[in-house]
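Residues per chain, in single letters:
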Amino acid sequence: METMYFVDYKRHNKTSNAWAYKTELGTTSIDEAKKKFHALMGEYIGGDTFDFVTVSLTDMFGNVIMCESWKKAEQ
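The rules behind the values
- Each residue is numbered by its place in its chain's sequence as written, counting from 1.
- Per-residue local features of the predicted model are confined to residues with pLDDT of at least 70, and side-chain atom pairs are confined, for both listing and counting, to 80 or more; whole-chain, interface and lining totals are unaffected and use all residues.
- Hydrogens are left out, water is left out, and the side-chain values use all remaining heavy atoms of the structure.
- Secondary structure elements follow DSSP: runs of H or I no shorter than four residues count as helices, runs of E no shorter than two count as strands, and numbering proceeds from the N terminus.
- Categorising residues by exposure relies on relative accessible area from a 1.4 Å probe, with only protein chains included: less than 20% of the type maximum marks a residue as buried, more than 50% marks it as exposed, and the intermediate range marks it as partly exposed.
- A contact between two residues is defined here by any heavy atoms of the two lying within 4.5 Å.
- Each accessible area value is a Shrake-Rupley result obtained with a 1.4 Å probe; residue values ignore everything except the protein chains displayed when judging cover.
- When charges are counted, neither His nor the chain ends are considered; positive counts come from Lys and Arg and negative counts from Asp and Glu.
- A charge is said to be at NZ when it belongs to Lys, at CZ for Arg, at CG for Asp and at CD for Glu.
- One bridge is not enough; two strands pair if DSSP finds at least two bridges between them.
- Between N-to-C directions, angles span 0 to 180 degrees; the directions come from axes that are lines fitted to C-alpha atoms, helices contributing only their stretch in contact.

(A) Local environment of the overall build of the protein chain. Counting its regular elements, the protein chain contains one helix and four strands. Along the protein chain, helices (α) and strands (β) appear in the sequence β-β-α-β-β when read from the amino end. By principal-axis analysis of the C-alpha atoms, the protein chain measures approximately 50 × 20 × 15 Å. For the protein chain, buried positions account for 32% of its 75 residues. Of the contacts formed within the protein chain by residues at least 6 apart in sequence, a portion of 52% connects residues at least 24 apart. For the protein chain, the exposed surface amounts to about 5,000 Å²; the carbon and sulfur share of it is 50%. With 9 positive and 11 negative side-chain charges, the protein chain shows a spacing of 4 Å between the two charge centroids.

(B) Structural view of the side chain of Thr27. Its place among the elements puts Thr27 in strand E2 (residues 18-27). Leave out the neighbours within four places in its chain, and Thr27 touches Thr3, Met4, Tyr5, Glu32 and Ala33.

(C) Structural view of the sheet that holds strand E3 (residues 50-59). One open sheet accounts for four strands, arranged E2-E1-E3-E4; its pairing is antiparallel. In this open sheet, the two strands that pair with only one neighbour each are E2 and strand E4 (64-71). Neighbour-to-neighbour, the strand axes of the sheet open up by a mean angle of 10°, direction not taken into account. As defined by bridge partners, strand E1 (residues 5-13) adjoins E2 across nine bridges and the pair is classed as antiparallel.

Next comes the structure, spelled out in structure tokens:
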């Protein structure tokens, strides 16, 4: 059995005060998973919609390979 990798996000909408969370990708390719991880971070950081986001890349055993969180600076 090949190792599976999963890319998940958790994000907070600052206008509606709602949380969203989802597994965006499941793949056997670590390179594809890393690309998705970076794409999600680039999409959600610094925009007007979200004030908090965490993106994580884990394997099928739950080992964290990459994880990053961002919180909009208080003004």
